[in-house]
Each structure stands twice: as structure tokens, then as C-alpha cells.
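Structure at a glance
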Amino acid sequence: MKYWLMKSEPDVYSIDDLERDRNEIWDGVRNYQARNFLKSMALGDLAFLYHSNTKPPGIAGLMKISEEMVVDPTQFDQTNKYYDPKSTPVAPRWHTVTVTYVETFKHYISLDELKDKFDPDELQVVKRGNRLSVMPITETVAKRILALAKP
């Protein structure tokens, strides 16, 4: 099993939305490095849901990968902001995953707290200027994050 951190703006899709929906396709990622991370995810991997572009940003909860190598349907929808005219159903350019709700953390872990507990080499999200929306997390770091979430 691997661990990941996946960002979403809470006004776009939050941990509360995922708790309500239970399962959701993680669509709209249009960064090649993030896409490659999505393509390398496996069933049962765990991902921390990080609320970005909010005050304060931070880790709100946990989800698991319940479906892998999903073709992102938004790439074919001309009315969608994530439409990709170079992508075709025969040769899709964008793949993603389906995530399933696991839990909302009792203790929201703010970016400031993450910066206090981790250095940028351990946890990319604390690196100044990091804008990547999907990133891997080592098992050691994941266990430390889980411990922070349950004070």
C-alpha cells in the first residue's frame, strides 16, 4: 500500500462532500506529473485530502483509492473547463482514480502545523511554491500525519 496527498479547494470539493457522496471520481487534473502519480495509484492506497486555497489550508481527512486507471470524462466534454481537444476516446490523455471516504480528522492539520512538524524533503506540500495537486507520501510520514490527526 502507498500513501498520497491530494489537494482540492473545499468550495470545489471538500471532505464533507466526499463523506456525503461516499465515492467520487477525482477528475480535472491537468498536470502531467500529477496525472502520472494518479496512474500509479493502486486499489487500497490511502490518500490524505488536503484543503487548498482556503484559510487555513491543511489536511482534513483520509480517503482510499477504490478504482484505478479511470479515464477522466471531463477531457471529452467541450463545455467543461478541463476539456482537452487533443484527447480522444480511443487515445485518452488523462486518467484518474475513484476515491472512497474513510474519515474526517477530528483534528484538522493546518499547513502551519505541517511546516512545524515536517521539512520540505519529507513532505512536498510544505515546500515553498509547491503547487502540485497530487503527490506521494512515505509510509513514515503518513504514520506521523495520522498521529497528528488523532490527538
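Below you will find a few notes about this structure. (Residues numbered from 1 in each chain as written. Predicted model: local features only at pLDDT ≥ 70, side-chain atom pairs only at ≥ 80, totals over all residues. Heavy atoms only, no water.)

Thoughts on the overall build of the chain
Along the backbone of the chain there are 4 helices and 6 strands. Each helix (α) and strand (β) of the chain, taken in turn from the N terminus, gives the series β-α-β-α-β-β-β-α-β-α. Against the globule reference of 15 Å for 151 residues, the chain gives a C-alpha radius of gyration of 15 Å, in line with a compact fold. By principal-axis analysis of the C-alpha atoms, the chain measures approximately 50 × 30 × 30 Å. Here the chain holds 151 residues, and the buried ones make up 45% of them. Long-range pairs, those at least 24 residues apart, make up 71% of the contacts in the chain between residues at least 6 apart in sequence. In the chain, the 21 positive side-chain charges and the 22 negative ones have mean positions that sit 4 Å from each other. (Helix = DSSP H or I, 4+ residues; strand = E, 2+ residues; numbered from the N terminus. Rg over C-alpha atoms; globule rule 2.2 N^0.38 Å. Buried < 20%, exposed > 50% of the residue type's maximum accessible area, 1.4 Å probe, protein only. Contact = heavy atoms within 4.5 Å. Lys, Arg positive; Asp, Glu negative; His and termini not counted. Charge placed at Lys NZ, Arg CZ, Asp CG, Glu CD.)

With respect to helix α4 (residues 139-149)
For α4, the complete set of buried residues consists of V141, A142, I145, L148 and A149. Along the axis of α4, the buried residues cluster in a sector spanning 120 degrees; they form a single face. Structural note: α4 exposes T140, K143 and A147 on the side pointing more than 90 degrees away from its buried face. The secondary structure elements touched by the buried residues of α4 are β1 (3-8), β3 (46-51), β4 (58-71), β5 (95-110), α3 (111-117) and β6 (134-137). (Arc of directions from axis to C-beta.)

A look at the nonpolar core
With 43 residues, the main nonpolar core has M6, W26, I59, L114, L123, I137 and I145 as its most contacted residues. When residues no more than four places from it in sequence are discounted, the contact partners of I145 are F48, I59, I109, F118, L123 and I137. (Core = buried A, V, L, I, M, F, W, Y, C linked by side-chain atoms within 4.5 Å.)

Observations regarding the layout of surface pockets
Quantified by volume, the largest pocket comes out at close to 990 Å³. The wall of the largest pocket is formed by 30 residues, among which K7, S8, E9, S52 and S133 lie closest to the centre. Those elements that place two or more of their residues in the lining of the largest pocket are β1, β2 (23-25) and α3. Classifying every residue of the lining of the largest pocket gives 12 nonpolar, 8 polar and 10 charged. (1 Å grid on protein atoms, 1.4 Å probe; cavity = no way out; pocket = protein on both sides within 12 Å on 5 of 7 lines; lining within 4 Å. Points joined across faces, edges and corners; volume = space filled by probe spheres on them. Nonpolar A, V, L, I, M, F, W, Y, C, P; charged D, E, K, R; others polar.)

Thoughts on the environment of V134
Turning to its location among the elements, V134 is positioned in strand β6. With relative accessibility at 0%, the residue V134 sits in the buried group. Each C-alpha atom of the pair V134 and K7 lies 6.5 Å from the other, and the pair is 127 residues apart in sequence. Setting aside its immediate chain neighbours within four residues, V134 contacts L5, M6, A34, F37, L38 and M41.

Details of the packing of aromatic side chains
Summed over the entire model, instances satisfying the criterion amount to 3 aromatic pairs. Ring centres of W4 and F37 lie 5.9 Å apart, and the angle between their planes is 50 degrees; this geometry places the pair in the tilted category. With W4 in strand β1 and F37 in helix α2 (residues 32-39), the pair connects residues that are 33 residues apart, well separated along the chain. For the pair shown, W4 and F37 are each scored as buried. Between the NZ or CZ atom of R35 and the centre of the ring of W94, over which it lies, the distance is 5.5 Å. (Phe/Tyr/Trp six-rings, centres within 6.5 Å; stacked < 30°, edge-to-face > 60°. Lys NZ or Arg CZ within 6 Å of the ring centre and 35° of its normal.)

Notes on the sheet that holds β5
By definition, the strands of a sheet pair up through backbone hydrogen bonds, in either a parallel or an antiparallel sense. The mixed open sheet is built from 6 strands, whose spatial order is β2-β5-β4-β3-β1-β6. Each having just a single partner strand, β2 and β6 make up the two edges of the open sheet. Pairs of neighbouring strands in the sheet enclose a mean axial angle of 35 degrees, with direction left out of account. (Pairing = 2+ DSSP bridges. Axes fitted to C-alpha atoms, helices over the stretch in contact; angles between N-to-C directions.)

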